[in-house]
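Each chain is listed here by its residues.
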Amino acid sequence: MIYPTRTAVLAAAAGAPVALLVAVFLPDRWYAGLAWPVAVLLLTAFDALSGARTGTATIDRLPAASVGATLEARVAVTLGGGAAPASAEVAVAPGPLVSLEDDGRLWIALAGGRGAAILPIVTVRRGLARFDRLWLRWRGPLGLAWKQRSIAIDTAFPILPDIRPVHERGAQIFQRHALQGLLAQIDRGDGADFDSLVEFRSGMDRRAIDWKQSARHSKLHAKEYRTERNNQIVFAVDAGRQMSEPVAGLPRVDRAVSAMLLTAWVALKLGDRVALHAFDSRPRIASGLISGAASFAELQRLSAGIDYSGDETNYSFALTTLAARLTRRSMIVLFTEFTDLTNAEFLVRAAARLVKTHLLLVVVLRDEEVETIADRLPREADDVTRAVTAAALLRDRRLVHTRLQHLGVHVIESEHDRVGERLVAGYVDLKRRNLL
């Protein structure tokens, strides 16, 4: 495609006053006023036919990245068929999963018809990001004509859930709990399964003393227990409309997936089995139980398939289906969000059925924006209305939390940047108390 540049358009427009003066003062030679625009047109045509006539552009293959990461894509341009200009412009259409600087436009300096530049790509959502086409354009030697080409490319890379907290904080959290003695108690001394009979030592629980064996051996002996391994941990992720809303730049569901992966890594390290269940208006992902730290990559791949949905969440359908698939008592970690009592009522009813058989832990993110509006000092009449509405929403949330806790549901309401750490601490605490 060839079309005039802004310079050519302005040059042609500048000849309009000249043509008008010629027509006024020399009416019998009015056609002489067309000399200027015709000259600009001929120069533009000459500019389009001269210089570089062919061009190609490519984007190097990109590695897999996590949500919120910034990639540097190398864009290479090659012009041929004549004298090449000093620069060329490339435009890449951003998809819904990525964000590109300056809407994907990039100027590339050329030397001998070749050049390359770095295009920053910020990943904003999970999925398979694909670039199918880019546009390349360059000016002619006179700067009057654009030469543009649409180039089909096939560059794709997966955007995976953010596992940086697992790498950065997973080992620290695991070590911290170990130093506090929680993980040691999980393995031995605080469970329900009998492990061995040992001589009573200072610091052991006196309730574990076996008086019959102590009388037989003439010294105190105590029973030592270990917690049951291979507990079933099912992560139920709500991917409905409300979970797709952003919190501090990332959707709530991505925050939930990151916390889920961190907790799943710890659970797999402790020998428990983990499963993933994602739903919105109906179940979307229902994986089997996996075990062993080596299975973490499989869980990450499954969580990458959790899509963003605009459907309302159907708690009854999703949680009833999940309960029907479980054949033994399990710990269900439900990530969700609710803003109205009508939708929350369905959650409470579904939770009431689940807690009869399973241990249910509900994880929600604090709505810091609503809390800020409720606490803000009002300056206008509209501020009072906003504060009253925000306070009512927070009151409804507290009411739902209280109803869930009365049913025996464990609730964690956390800040978006601490949800993973608080969930791990809650999981370890429940396991230490042998509630699984």
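Notes on the structure in this doc start here. (Residues numbered from 1 in each chain as written. Predicted model: local features only at pLDDT ≥ 70, side-chain atom pairs only at ≥ 80, totals over all residues. Heavy atoms only, no water.)

**Quick notes on the overall build of the protein chain**
If you tally the helices and strands in the protein chain, you get twelve helices and 20 strands. With 436 residues in all, the protein chain has 46% of them scored as buried. Summarising the internal contacts of the protein chain: among those between residues at least 6 apart in sequence, 73% fall at separations of at least 24. By element, 55% of the accessible surface of the protein chain is carried by carbon and sulfur atoms, the whole surface being about 22400 Å². (Helix = DSSP H or I, 4+ residues; strand = E, 2+ residues; numbered from the N terminus. Buried < 20%, exposed > 50% of the residue type's maximum accessible area, 1.4 Å probe, protein only. Contact = heavy atoms within 4.5 Å. Areas by Shrake-Rupley, 256 points an atom, 1.4 Å probe, with all protein chains shown as cover.)

**Side note on the sheet that holds strand 19 (residues 359-365)**
Strand order in the open sheet formed by six strands is 17-16-13-18-19-20, with mixed pairing between adjacent strands. The two strands at the open ends of the sheet, each matched to only one other strand, are strand 17 (283-286) and strand 20 (410-414). Taken over all neighbouring pairs, the strand axes of this sheet differ in orientation by 20° on average, direction set aside. In this sheet, strand 17 lies alongside strand 16 (residues 273-279) in antiparallel orientation, the contact comprising three bridges. From the neighbouring strand, A278 faces strand 17, where its bridge partner is I285. In the packing of helix 6 (residues 252-269) onto the sheet, contacts are made with strand 13 (232-238), strand 16, strand 18 (331-335) and strand 19, and the angle to strand 13 comes to roughly 175°. (Pairing = 2+ DSSP bridges. Axes fitted to C-alpha atoms, helices over the stretch in contact; angles between N-to-C directions.)

**With respect to the pairing of strand 4 (residues 70-80)**
Pairing between strand 2 (residues 54-59) and strand 4: six bridges, direction antiparallel. Each bridged residue has a counterpart across the sheet, and for G55 the counterpart in strand 4 is L79. One ladder, built from nine bridges, connects strand 4 with strand 8 (residues 114-123); its direction is antiparallel. Its bridge partner being in strand 8, L71 is matched across the sheet by I121.

**Section: the side chain of Q232**
Relative to the assigned elements, Q232 resides in strand 13. Setting aside chain neighbours within four positions, we find Q232 in contact with R273, L289, L326, R328, S330 and M331.

**Quick look at the sheet that holds strand 6 (residues 98-100)**
Paired through backbone hydrogen bonds, the strands of a sheet run either parallel or antiparallel to each other. As summarised here, the arrangement of the four strands in space is 2-4-8-6, forming an open sheet in which the pairing is antiparallel. Looking at which strands have only one partner, the edges of the open sheet turn out to be strand 2 and strand 6. This sheet shows a mean twist of 30° between the axes of neighbouring strands, independent of strand direction.

**A closer look at helix 7 (residues 296-303)**
Where helix 7 is concerned, the buried positions are F296, L299, Q300, L302 and S303. Within helix 7, the buried residues cover an arc of 160° as seen down the axis, which keeps them to one side. For helix 7, exposure combined with an orientation more than 90 degrees from the buried face picks out A297 and R301. (Arc of directions from axis to C-beta.)

**So, the packing of aromatic side chains**
Enumeration over the complete set of coordinates arrives at four aromatic pairs. For the pair W107 and W146, a centre-to-centre distance of 6.3 Å together with 45° between the ring planes defines the contact as tilted. With a gap of 39 residues between them, W107 in strand 7 (residues 105-109) and W146 in strand 10 (residues 145-160) connect regions that are remote in the sequence. We note R137 situated over the ring of W146; from NZ or CZ to the ring centre the distance is 3.9 Å. (Phe/Tyr/Trp six-rings, centres within 6.5 Å; stacked < 30°, edge-to-face > 60°. Lys NZ or Arg CZ within 6 Å of the ring centre and 35° of its normal.)

**A look at the pattern of salt bridges**
Evaluated as defined, the whole model comprises 18 salt bridges. Close ionic contact of R252 with E337 constitutes a salt bridge, the shortest N to O distance being 3.4 Å. Of this pair, R252 sits in helix 6 while E337 sits in the loop between strand 18 and helix 9 (341-354); the two residues are 85 residues apart in sequence, bridging distant segments of the chain. On the basis of relative accessible area, E337 is assigned to the buried category, the value being 3%. Among the ionic pairs, D367 bridges to R252, the shortest N-O distance being 3.9 Å. With D367 in the loop between strand 19 and helix 10 (368-375) and R252 in helix 6, this residue pair connects regions lying 115 residues apart in the sequence. Comparing D367 with R252, the two get one shared label, buried. A cluster of three or more residues bridged by salt bridges with shared partners is formed by R252, E337, D367, R397 and E413. (Salt bridge = Lys/Arg side-chain N within 4 Å of Asp/Glu carboxyl O.)

**A few points about the side chain of Q242**
By the element assignment, Q242 lies in the loop between strand 13 and strand 14 (246-247). If we ignore the near neighbours within four places in the chain, the residues touching Q242 are R252, E312, E337, F338, T339, D340 and N343.

**Here we look at the packing of helix 6 against helix 12 (residues 419-432)**
The contact between helix 6 and helix 12 brings their axes to 8 Å, and the two run at 35°. The chirality of how helix 6 crosses helix 12 is right-handed. Across the interface between the two elements, R255, A259, L262, T263, V266 and A267 from helix 6 touch V419, G420, E421, L423, V424 and Y427 from helix 12. In the contact of helix 6 with helix 12, the residues fall into eight nonpolar, two polar and two charged. (Left-handed = near helix turned anticlockwise from the far one by under 90°. Nonpolar A, V, L, I, M, F, W, Y, C, P; charged D, E, K, R; others polar.)

**Digging into the environment of G288**
Among the secondary structure elements, G288 is positioned in the loop between strand 17 and helix 7. For G288, a relative accessible area of 46% gives the class partly exposed. The spatial distance from the C-alpha of G288 to the C-alpha of V274 is 8.1 Å, given a sequence separation of 14 residues. Once residues within four sequence positions are removed from consideration, G288 is found in contact with V274 and A275.

**Concerning a nonpolar patch on the surface**
Taken together, the side chains of L20, L21, V24, F25 and L26 define a hydrophobic patch exposed on the protein surface, amounting to about 540 Å² of accessible area. Inspection of the secondary structure assignment puts L20 in helix 1 (residues 6-25). (Patch = residues over 30% accessible without salt bridge, like charges linked within 9 Å, V, L, I, M, F, W, Y side chains within 5 Å.)

**Re the environment of E101**
Mapped onto the fold, E101 is located in the loop between strand 6 and strand 7. On the basis of relative accessible area, E101 is assigned to the exposed category, the value being 54%. A sequence separation of 19 residues divides E101 from P120, and the C-alpha atoms of the two residues are 6.5 Å apart.

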